[in-house]
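Structural description and commentary
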Amino acid sequence: MNRSKRNIEILILFCCLSFFFTFWVARTQLLSGFTSDGSFHFSRVEEIYQNLRSGQLFTFIATHTFHNSGVGSFLFYPTVFLYPWALLRFVFDPIMAFYIWYGLFMFLTLSCAYYAMYGFSRDRLRAVMFALFYTISVYHVYLGLRNYVLGEFIAYTFVPLALYGFYEVIWGDQRKWPFLAGGMALLTYSHMISVVIAVGLFTCLFLCRLVVDRHFPKGRWIALLKSVTVTFLLTAWFIYPFGTDFIKMRLGTPSFGFAFLYSMQDLWQASLENYATNRGLGIVLLAVALGGWYFVRRDKRELSLYILGLIFIVLSTNLFPYTEIARIKLLRILGVIQFPYRFTTYSSLFMAAILSLILARIFRHFQGKAKVLVGLFVLSIAMCLYVQTLTPVLERLYNVSATTRLKKATDKFAIPSEGAVIDKGNYYDLYTYRIPYGETDYYPKVAFDGNMIETNPKTQSILLHQAYIDHKTVVVSPRSQANALEYQIKLKNAATVDLPVVAYSSEKVSVNGQTSAYTISERGTIQVNLERGVNKITVRFEMKKTYYVLFGLAVLTWFVLLVTPFIKLKKVSRDSNL
């Protein structure tokens, strides 16, 4: 069969699968489950959308969402892949925009997983099977639809590409180093903790490679150095604000530690249920973990994948001594992963790789129509498993009543209730609630206090829009602009005014159109001296020109990376015709 025709057929298959994956939830035109990370990411997309509407491409601080606090949730948390979602808002209602974005990422996950496995095995059938079962893993669905852990959901898409690129540089064809650079850049644009985990894995594998064979060819060192250099060129623009605004300011960040430790019994039970969860692998991948050794026992390369899968299963549970590690000061840095269940991405990946090997071998025993029937049978099983995985999500969406429909918050510190449902009619009521996780991430530490909003009066005062005029409390209403907040305050006498806007190094303040000096208050907010009369104060985040230069450099580097293979291919084709 013609190679192009085969690729088109696989592309059509992935499109159909992505539609199937999305249809079951999109048909409800409802969203539910905002007691975890959902509010955080939906708020960020809403901010980007509002800024795009006003003609501003870059979003740095929250002025329309996050209670208009000016927090830099966009400076230090990747937003690149939220832009397609925000752009969909111009065409579709907020609910359908999310579901279409979800479907696009399911398609992208299928495609990236397929390409990585095909490069690794040169077996199209195995690559399709890997892409299918990696994409429908219970953990992936948990990230995307059950708890809306969307940063990690996005990163899950690109893990196979980064891993494949690393494999080629260390063991395979070192000329494919751009896959490592591109994969790591895409991870950086998705989720920083996923980058940390990937770097940790690659470091361990690289050291193992050196232990087994101390001779590491010069060409591979050069390929590794190229990967690191290009990764830096692609991500320097994102890293830059950490130097200009994060290090200079004492900011609060998500806490280190090892939370949500699950036992092997939890993993076993959750896997057998096959629901979207962060506790297990799903029934099929659990079966592979138990019996996969038989199929790889004579193949060192495949056996290595299986062993890595088992290691990550252990790392995702309390079988690994996280409690003891937390007591050792030098090892506490490992707590940057926060939740050990995050290793389930890798246990799912490696077990899906072994499953794809097993299925590919089974397929080779059949020919013609029998092979097609077996393929349809496997596909049907996978689709049934996916719908089963969606059970807790669909139960939330189908059990809708007047009491479960989200209503506008009356308490500024309230969070959406468990099972609250939104549609396009009450969508904006979501932003009247406090964000359960992430509302105050990247606040100054003086107002952060471990993200404990309920017990922190400084944080509460910012969320309540309380300004202090010579230490007297006044509620002020900001006018939101792209990366800027505007206040109008009338004073009988000159006074020092502490505004409820989080302070960062790159912020500029103007009073009545004139640039004004400011100080940082005891709660980490903008503080200005104002004269008697009406004062129009604008607090604007102004990114330095270096950022835009680095962004342009990244765009140029991507262009070179993507165009170079086509130029080489054209040259080879021309030479072959001579």
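Located above this text is the structure these notes cover.
So, here's what we can say about the structure. Predicted model only: the values in this text are computed from it and were never measured. (Residues numbered from 1 in each chain as written. Predicted model: local features only at pLDDT ≥ 70, side-chain atom pairs only at ≥ 80, totals over all residues. Heavy atoms only, no water.)

Right, let's talk about the overall build of the chain for a bit. A tally of helices and strands in the chain yields 21 helices and 12 strands. Its C-alpha atoms give the chain a radius of gyration of 26 Å, near enough to 25 Å, the size a compact globule of 578 residues would have. Taking the principal axes of its C-alpha atoms as reference, the chain extends roughly 90 × 60 × 55 Å. Per-residue burial over the chain gives 55% buried out of 578 residues. Taken as a whole, the chain presents about 26,900 Å² of accessible surface, with 63% of it coming from carbon and sulfur. Once the 57 positive and 33 negative side-chain charges of the chain are each reduced to a mean point, those two points are 9 Å apart. (Helix = DSSP H or I, 4+ residues; strand = E, 2+ residues; numbered from the N terminus. Rg over C-alpha atoms; globule rule 2.2 N^0.38 Å. Buried < 20%, exposed > 50% of the residue type's maximum accessible area, 1.4 Å probe, protein only. Areas by Shrake-Rupley, 256 points an atom, 1.4 Å probe, with all protein chains shown as cover. Lys, Arg positive; Asp, Glu negative; His and termini not counted. Charge placed at Lys NZ, Arg CZ, Asp CG, Glu CD.)

Our next topic: the sheet that holds strand β7 (residues 495–502). Taken in spatial order, the 5 strands of this open sheet run β4-β3-β7-β11-β10, and their pairing is antiparallel. Of all strands in the sheet, those with a lone pairing partner are β4 (472–475) and β10 (519–520), marking the two edges. Here strand β3 (residues 466–469) pairs with β7 via 2 bridges, running antiparallel. Across the sheet, residue tyrosine 468 finds its bridge partner in β7, namely aspartate 498. (Pairing = 2+ DSSP bridges.)

This next bit is on helix α14 (residues 300–315). A rise of 1.5 Å per residue sets the reference length of α14, with its 16 residues, at 22 Å; its end C-alpha atoms lie 22 Å apart and thus fit the reference within 8%. Buried residues of α14: Glu302, Leu305, Tyr306, Leu308, Gly309, Phe312, Ile313 and Leu315, and no others. A side-chain oxygen of the first residue of α14 lies 3.1 Å from the backbone nitrogen of arginine 301; this N-cap is aspartate 299. (Expected span 1.5 Å × (residues − 1). Polar contact = N/O pair within 3.5 Å; in protein donor to acceptor, adjacent residues only side chain to side chain.)

Further remarks concern the environment of phenylalanine 202. Here phenylalanine 202 shows up in helix α9 (residues 192–212). Given a relative accessible area of 8%, phenylalanine 202 falls into the buried group. Beyond its immediate stretch of four places on either side in the chain, phenylalanine 202 contacts Ala162, Leu163, Phe166, Leu180 and Met184. (Contact = heavy atoms within 4.5 Å.)

Right, let's talk about the side chain of threonine 538 for a bit. Mapping threonine 538 onto the fold places it in strand β12 (residues 533–541). Dropping the residues within four chain positions of it, threonine 538 is found in contact with Ala484, Leu485, Glu486, Lys508, Val509 and Ser510.

With that out of the way, let us pick up the pairing of strand β11 (residues 525–530). Alignment of β7 against β11, held across 5 bridges, turns out to be antiparallel. Directly across from aspartate 498, in β11, lies its bridge partner glutamine 527.

In this section: the state of the cysteines. Taken as a whole, this structure holds 0 disulfides when the rule is applied. You can see cysteine 16 has no disulfide; the closest cysteine sulfur is in cysteine 15, sitting 6.8 Å from it. We classify cysteine 16 as partly exposed; its relative accessible area is 49%. Residue cysteine 208 stays outside any disulfide, its sulfur separated by 6.8 Å from that of cysteine 204, the closest cysteine. The partly exposed category is assigned to cysteine 208, whose relative accessible area is 46%. (Disulfide = S-S within 2.5 Å.)

A few words on the sheet that holds β12. Overall, antiparallel pairing links the 5 strands, which are arranged β5-β6-β12-β8-β9 in an open sheet. Each edge of the open sheet carries a strand with a single partner, namely β5 (479–481) and β9 (514–516). The average angle at which neighbouring strand axes cross in this sheet is 30°, direction not considered. Direction of pairing for β5 relative to strand β6 (residues 484–491): antiparallel, over a ladder of 3 bridges. Each residue of the ladder has a partner; that of glutamine 481, found in β6, is alanine 484. (Axes fitted to C-alpha atoms, helices over the stretch in contact; angles between N-to-C directions.)

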